[in-house]
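The chain contents come next:
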Amino acid sequence: MDSNRRKFLKMAGLGAIAGVAAPSAFSTLLKGEAQASSGHGHAAAATHGGHGSAATSGKQYGLVIDVKKFADNPGLGEKCIKACHSLHNVPDYGNKKDEIKWIWLEKYENAFPEHSHYKRNAELHKLPIVTMCNHCEKPPCVRACPTKATFKNSDGIVMMDFHRCIGCRFCMAACPYGARSFNWRDPRGKSEIGKPFIKRINPDFPTRTRGVVEKCNFCAERLARGKKPACVEAAGSAMIFGDLNEPGSKINKVLSKKFTIQRKPATGTNPSLFYIL
Amino acid sequence: MLEKAFKGSLLYKGWMVFLLLLMGVGVLCYSQQYQYGLGYTGMSRDVSWGLYISQFTFLVGVAAGGLMLVLPYYIHDYKAFGRITILGEFMAIGAVTMCLMFILADLGQPIRALNVMLHPTPHSMLFWDMIVLNVYLILNVLCGWVVLHSHYKGVKYPKWIKPFIYLSIPWAISIHTVTAFLYCGLPGRHFWLTAILAPRFLASAFAAGPALLMIIAMILKRTTKFDIGRTAQDKLVTIIGYAALLNFFFVGCELFVAYYSNLPGHMHTLDYLFFGLEHDGHVYDNLVPFMRFSMAAGLVGIPLLFASRAKKSDGMLVLACALLFVSLWIDKGMGLVLGGFVPNMMNQVTEYYPSLGEICITVGVWSTGFFVMSLLYKIAITVTLEQEA
């Protein structure tokens, strides 16, 4: 009798521990996407939906890109790139193998490989599509990172900690948008002919060391000082930046009026970049 | 017991010196890579993993393949495998050593490697891979050493080691499953996004691991008095043959799904691997000859393997095992990882060619693994032969 009682208590105890531990273990495993969400798929609605446990401030910054305005203003895309890359000390190696880019221009068929437009392809082909990190609601890169060196900020921005990154490049394999670059060599160095890879160093933003991953940070350092991202400032009316979770924000008004598309919606990442075509 | 590794024939010493030389070249090249950064390799923004990670993936399989040598003896009390279980465990030690070295060689900031433990991240599969690989290494060192040492003393292994031996069996499955999960959980990579990736990994592992062991056993039969025995040899043929058949069945399933569904994302990488992929008027096909050879070697290797048993020909057996090992190495150690990056996320094609230094580092790591394995095998075989004498 006694041993049965002891057995029962043991089992009951173990059961209780398992019952308490299992859900919390699962939610850790699925961190960042544990909450159900209406998602960006319905971003036109005023409330943007849940953003997982990380978004404690309730913000989710997003960006609307008016592709037609970029097409009408040749050179505007390049202006945005220059503004971003010079501000963030992005090195230029002059070759594709070492290439690092935070924001760049892509052809329509490459940015939207799943959306073909029968008989309009020639016209679409010429459009300059500005691309960068999509600051996904459910970022696969954050899920993949083994050190939390890339993480989702409370304002929805997917950030990088250059000092924690071990350079395993799992995030680069995970990103469905090809938005991440790796420092294959020392970005502070010079080429064979003595040309520095960073033309002029901006002392207000850190340069990186070799062996770490980097990408667009939505100008978190500028937002902290109440400024807009550098590309948005350079683009004028061609880009609309704002909080997707703020009901009356300009970006939400645009999203509710215009037809916009996102890159690779089938991946379930809920990107925060929207394109007007 | 360790002293047995330092005494040996001229052939043994020559082999070890040869491996040490290759390891030296690897160290030299690695110091260059460490100075310059990973741009030293052929990897790029588009193909961000190369030889290191693909070798790592393949060798996790070789390590897991040790399971097929340990399981029949300890679980089913299959006595004929008594002599090869220890070889299986020591092969696993060598293979996991290589895996860990390949991971370190691939890190952009290797001195920060411990960040994975300082900031444990359960939602990252790489975190789990680090755990399962290290535990598997410890389990094999422990089980292999304790069992061999008992043998050396002429006693049966102690009872307390049994739970560790039993644990090492499902653990072998876990290392290759978690390694497959690194790949098959990424939403944007169609080629890897398949639920049979882990089963396929295991099937190829259970063929490649024992095939390598068979080749080693045949070399030992020629150069030493150590013979695993005809019964064990014949049973291994069954294991390798069926595992290889299963692997090619899985490959066939992948081909069917991609080409019958006609989904572009699923076909692109297979096109690239087996036929060449056209992009902007240029056909990219640098892996095609390898992949076709891999297929041919596998399909020739399997019947040859079974025929060698019928004919009792060791020469044919070694050839068949070598063909299968190379076939599976190309399939997983090249095609699977490199193919996954073609086309890139923007449907563009960048091809990868490893640099010479990268190849030297890779050879250096393989040499280190074989060095460790040779050392352990030398001890195991000397002990076994002495006990029998």
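Residues numbered from 1 in each chain as written. Chains lettered and ligands numbered in written order. Predicted model: local features only at pLDDT ≥ 70, side-chain atom pairs only at ≥ 80, totals over all residues.

Enquirer: Residues and numbers for the interface of chain A and chain B, please.
Expert: Each partner contributes residues to the interface: chain A has 46 residues there, and chain B has 31 residues. Looking at the side of chain A that touches chain B, the elements with two or more residues in it are helix H1 (2–29), helix H4 (108–111), helix H6 (140–144), helix H7 (170–174) and strand S6 (181–182) of chain A. In terms of residue count, the dominant contributor to the side of chain A that touches chain B is H7(A) (four residues). Of the residues in the side of chain A that touches chain B, the class split is 20 nonpolar, 12 polar and 14 charged. (Contact = placed C-beta atoms within 7 Å. Helix = DSSP H or I, 4+ residues; strand = E, 2+ residues; numbered from the N terminus. Nonpolar A, V, L, I, M, F, W, Y, C, P; charged D, E, K, R; others polar.)

Enquirer: Tell me what's going on with the nonpolar core, and back it up with residues and numbers.
Expert: Core analysis: the biggest nonpolar cluster contains 184 residues, and Ala63(B), Cys99(B), Ile240(B) and Leu324(B) have the highest contact counts within it. Among residues more than four places away in sequence, those in contact with Leu324(B) are Ala207(B), Ala211(B), Ile240(B), Ala244(B), Gly298(B), Gly301(B) and Leu305(B). (Core = buried A, V, L, I, M, F, W, Y, C linked by C-beta atoms within 7 Å. Buried ≥ 20, exposed ≤ 12 C-beta atoms within 10 Å, placed from the backbone.)

Enquirer: Got a sec to walk through the confidence of the model for chain B? Specific residues and values, please.
Expert: The pLDDT averaged across chain B works out to 94; a share of 100% of its residues lies at or above 70. When the elements of chain B are averaged for pLDDT, helix H3 (residues 67–74) of chain B gives the smallest value, 90, and helix H1 (residues 10–36) of chain B the largest, 96. (pLDDT = per-residue confidence, 0-100.)

Enquirer: Describe the environment of Val178(B), naming the residues involved and giving the relevant values.
Expert: Residues and elements named next belong to chain B. Along the chain, valine 178 turns up in helix H7 (residues 162–184). Spatially, the C-alpha atom of valine 178 lies 21 Å from that of leucine 69, the residues being 109 residues apart in sequence. Sequence-distant contacts of valine 178, defined by excluding residues within four places in its chain, comprise Met125, Trp128, Asp129 and Val132.

Enquirer: So what's going on with the packing of helix H2 (residues 51–65) of chain B against helix H12 (residues 314–339) of chain B? Residues and values would help.
Expert: Between two packed helices, both the angle of their axes relative to each other and the distance between the axes serve to describe the pair. All names here are of chain B. For the pair H2 and H12, the least separation of the axes is 8 Å and the interaxial angle reads 135°. Taken as axis vectors, H2 and H12 run oblique relative to one another. Of the two possible hands of crossing, H2 and H12 adopt the one that is right-handed. Across the interface between the two elements, Ile53, Ser54, Gln55, Thr57, Phe58 and Gly61 of H2 pack against Trp329, Lys332, Gly333, Met334, Leu336, Val337 and Leu338 of H12. Here the residues of the contact of H2 with H12 are counted per class, giving seven nonpolar, five polar and one charged. (Axes fitted to C-alpha atoms, helices over the stretch in contact; angles between N-to-C directions. Parallel < 35°, antiparallel > 145°, perpendicular 65-115°, else oblique. Left-handed = near helix turned anticlockwise from the far one by under 90°.)

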